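A look at the structure
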Amino acid sequence: MCIRDRPHLTLDAEVSGDVSSLAFLNPYLRQIEGMALAGRGRVAGRLNIDRGTLRQGTQLDVAAPVLTLDLLDHRASGSGTVRLAVGQETAGQLGVVVEFSDLTARRRDDPRPLLVGAGLIVEARGEARLSPDEALASGASYLSVGLPAVRVPDVAVFQHYIPDHVGMRLHGGEGLLHGRATVDTERLEIELGLTAGDTDLGIEDYRFQSDIDLALLAKTAAADPDAIDLAGSRLLLSDVRLAHGDNAMSDAWRGRLAVDTGRVRFPRAEPVRGLGLRVRDAPVRELLDDVEGQLSLSGSVSHLGWLNQLIANTYGADIDGTADLGATLVLRDGWLAPGTEARLVSDDLVVGVLDYHAQGRGSVRLEVAEGGRRPDASIDVRLQDAVFKRRQEETAFIEAVDLRMRAVARDLSYSGPTEDVSLRLAIPFARVTDMRVYNRYLPQDSPLQILGGSAELTADIALEPADAGGWVTLNAPSLHTRLDTQELSGDLRLDVTLAGGRPQDMAFDISGST
């Protein structure tokens, strides 16, 4: 007997027996976001039908050694139990509980396993009436999916959920997933955790390897039911290494990132009768394609040097050190938009430009000036009480450095060193503790030697890919020198004018200097 073919059936009876197909339940289940069962098992309980509608007192329990559940473009197969009930606990609606004792879950269009394990529980409530046709109009009022710690054999299968325009590729790694997702007519609540070791990620020619601990918390915002609140979500990274092309992996580092406050919206999500968001007709990656919102983040990074592979430039400008992080992300049409900024604060910040390194207390601020696929951004660096030296020098002879650097980059991408960058470097004050360090710049057979003294250094330099300008001033009172065999003392002021040059070749025009 097919229940669907008997819409006027009235029956109240105890039932028990083996069934070779569980599809007889689907005329009631398909209204719950297209849910469908297959398999075989033993059915026992009470069936109370009045003209095609399940009435109070209905309770069917199925023990299924072979069980398949289709829901929201996913399929779980294994063994388990099914319970259908209509009673006071379901407020007169049809309540469904499907629990797998073992399972393998996949996307229906992908043969690769998504999840493997035991204990998956799907709970749902919906209308208890018979669905008259194959239509998938939602009659669901509640849907919950609970996961114990189930194995993710290959995180690469999650690539399906990442928008193509992000450019991130999941190449591999094994992990554990646990949590619960619940949605009803008023709310959405998701709490998921993913841990994965030695995960392999890629962005264009860049490859990351990392251990990942991700916690995703998402719920509808009480004051704004059309927005999703992500506060409390966090990402922990450890043993992270980055490589670019043939370049070796960077030193390992770790990082922490948390969403302090933040709401997002999905313009492609449409309200439907029953559950609040249409997820069946809009895959997750398409919902994320044009996500909008604003997030406030905080965290820390143990090693900033890996960033240099992402911000390669023609000036050799780079950063390193440990830092605490604060950020504001503004999302528009799925891209970072103006208003996005990241702030790094460090007690041991290292900043390099051209042939020089400075190290001390400082901060870095990254701000998006124009968003989209190839954004424009500015980077502002401030160092205080720093030391300054050439990269190959072991000891710094320039101290108490106040350094400010601003870089403006246009049309940023992952494709390689950024050519369209303007850089401004200012040193309002620095102290040269031992002027003898400049003897190395004198010709080898020079009759002039610096014997001692100190100086103040100031500078303001502007660099373009094929040009340079600005000035450097060195003021050394009571400089002690020797010319041939004669020792001299006096005040020295050196004004170097940059009238042009090509920074990447360390070639500068200093005509007009005095």
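So, how was this worked out
- Note on numbering: residues in each chain are counted from 1, in written sequence order.
- The predicted nature of this model means local features are confined to residues of pLDDT at least 70 and side-chain atom pairs, given and counted, to a pLDDT of 80 or more, with totals for whole chains, interfaces and linings taken over all residues.
- Each side-chain value is worked out from all heavy atoms of the structure, with water and hydrogens disregarded.
- Helix numbering and strand numbering both begin at the N terminus, where a helix is a DSSP run of H or I of at least 4 residues and a strand a DSSP run of E of at least 2.
- Note on contacts: a residue pair qualifies if any of its non-hydrogen atoms lie within 4.5 Å across the two residues.
- For the area figures, the Shrake-Rupley method with a 1.4 Å probe applies, and any residue is considered shielded solely by the protein chains shown.
- In summary, the pairing rule links any two rings of Phe, Tyr or Trp, Trp by its six-membered ring, whose centres are within 6.5 Å, and it sorts them by plane angle into stacked for under 30 degrees, edge-to-face for over 60 and tilted for everything else.
- Each residue gets one of three labels from its accessible area relative to the maximum for its type: buried under 20%, exposed over 50%, partly exposed in between, using a 1.4 Å probe on protein chains only.
- In this scheme, Lys NZ or Arg CZ marks a charge over a ring once it lies within 6 Å of the ring centre and within 35 degrees of the ring normal.
- Paired strands, in this sense, are two strands between which DSSP finds at least two bridges.
- Patches in this entry comprise residues that are over 30% relatively accessible and not in a salt bridge; like charges within 9 Å are linked, as are nonpolar side chains (Val, Leu, Ile, Met, Phe, Trp, Tyr) within 5 Å.
- By salt bridge we mean one thing: a side-chain nitrogen of Lys or Arg within 4 Å of a carboxyl oxygen of Asp or Glu.
- Pairs of N or O atoms are called polar contacts if they sit within 3.5 Å, as long as, within protein, a hydrogen donor faces a hydrogen acceptor (for residues adjacent in sequence, only side-chain-to-side-chain pairs).

Counting its regular elements, the chain contains two helices and 30 strands. In the chain, 57% of the contacts between residues at least 6 apart in sequence involve partners at least 24 apart. A total accessible area of about 25,300 Å² is found for the chain, and carbon and sulfur atoms account for 51% of it.

Scanning the model with the defined rule gives two aromatic pairs in all. Taking the centre distance of 6.1 Å and the plane angle of 45 degrees together, the rings of phenylalanine 158 and tyrosine 161 count as tilted. Judged by relative accessible area, tyrosine 161 falls into the buried class, the value being 18%. Taken together, a centroid distance of 5.4 Å and an interplanar angle of 5 degrees make the contact between tyrosine 356 and phenylalanine 388 stacked. Here tyrosine 356 is found in strand 21 (residues 356-370), whereas its partner phenylalanine 388 is found in strand 22 (residues 376-390), with 32 residues between them in sequence. Looking at tyrosine 356, the relative accessible area reads 27%, which means it is partly exposed. The ring of tyrosine 142 is capped by arginine 125, whose NZ or CZ atom sits 4.3 Å from the centre of that ring.

Our focus in this paragraph is the environment of glycine 167. With respect to the helices and strands, glycine 167 occurs in the loop between strand 9 (140-152) and strand 10 (168-184). Spatially, the C-alpha atoms of glycine 167 and glutamate 204 are 6.7 Å apart, while their sequence positions differ by 37 residues.

Across a regular strand the side chains alternate sides, sitting on one face of the sheet and then on the other. Across 10 bridges, the pairing between strand 1 (residues 10-19) and strand 2 (residues 36-50) is antiparallel. Among the inter-strand pairings, valine 15 is bridged to a residue of strand 2, identified as glycine 45. Bridge analysis of strand 2 against strand 4 (residues 59-71) gives 10 bridges, and the strand direction is antiparallel. The residue bridging valine 43 from the neighbouring strand is valine 62, located in strand 4. Here strand 2 runs beside strand 3 (residues 53-54); their pairing, made up of two bridges, is antiparallel. Paired with isoleucine 49 across the strands is leucine 54, a residue of strand 3. Here strand 2 hands over to strand 3 after two residues, with arginine 51 in that stretch at a positive phi of 50 degrees.

Side chains of Leu448, Leu483 and Leu488 sit close together on the surface and give an oily, nonpolar patch of about 210 Å² of accessible area. Of note, leucine 483 is situated in strand 27 (residues 467-483).

One non-glycine residue, aspartate 73, lies in positive phi territory at about 70 degrees. Here aspartate 73 lies in the loop between strand 4 and strand 5 (74-86). A positive phi angle, close to 55 degrees, is found at alanine 400, a residue other than glycine. On the secondary structure map, alanine 400 appears in strand 23 (residues 398-409).

This part covers the pattern of salt bridges. Applying the stated rule across the entire model yields 29 salt bridges. Two residues, arginine 187 and glutamate 189, come together in a salt bridge whose shortest N-O distance is 3.5 Å. Judged by relative accessible area, arginine 187 falls into the partly exposed class, the value being 30%.

Moving on to the side chain of aspartate 355. You can see aspartate 355 is positioned in the loop between strand 20 (341-353) and strand 21. By relative accessible area, aspartate 355 is classed as buried at 17%. Those residues in contact with aspartate 355 that sit more than four places away from it in its chain are Lys389, Arg390, Arg391, Gln392 and Met506.

Moving on, we come to the pairing of strand 23. In this structure, strand 22 lies alongside strand 23, joined through nine bridges in antiparallel fashion. Bridge pairing in strand 23 links leucine 383 to leucine 403.

The next subject is the environment of serine 300. With respect to the helices, strands and loops of the structure, serine 300 is situated in strand 16 (residues 292-301). The exposure class of serine 300 is partly exposed, given its relative accessible area of 22%. Separated by 22 residues in sequence, serine 300 and threonine 322 have C-alpha atoms that sit 7.8 Å apart. In contact with serine 300, other than residues within four places in its own chain, are Arg254, Gly255, Arg256, Ala323, Asp324 and Leu325.

By the secondary structure assignment, asparagine 26 is in helix 1 (residues 26-29). Given the relative accessible area of 10%, asparagine 26 is considered buried. From its side chain, asparagine 26 meets the backbone nitrogen of leucine 37 in a polar contact 2.7 Å long. Excluding residues within four positions of it along the chain, asparagine 26 makes contact with Met35, Ala36 and Leu37.

You can see valine 96 is positioned in strand 6 (residues 94-107). Distance in space between the C-alpha atoms of valine 96 and alanine 124 is 5.1 Å, their sequence separation being 28 residues. Ignoring sequence-local partners within four residues, the contact set of valine 96 consists of Leu29, Ile32, Met35, Arg83, Leu84, Val122, Glu123 and Ala124.

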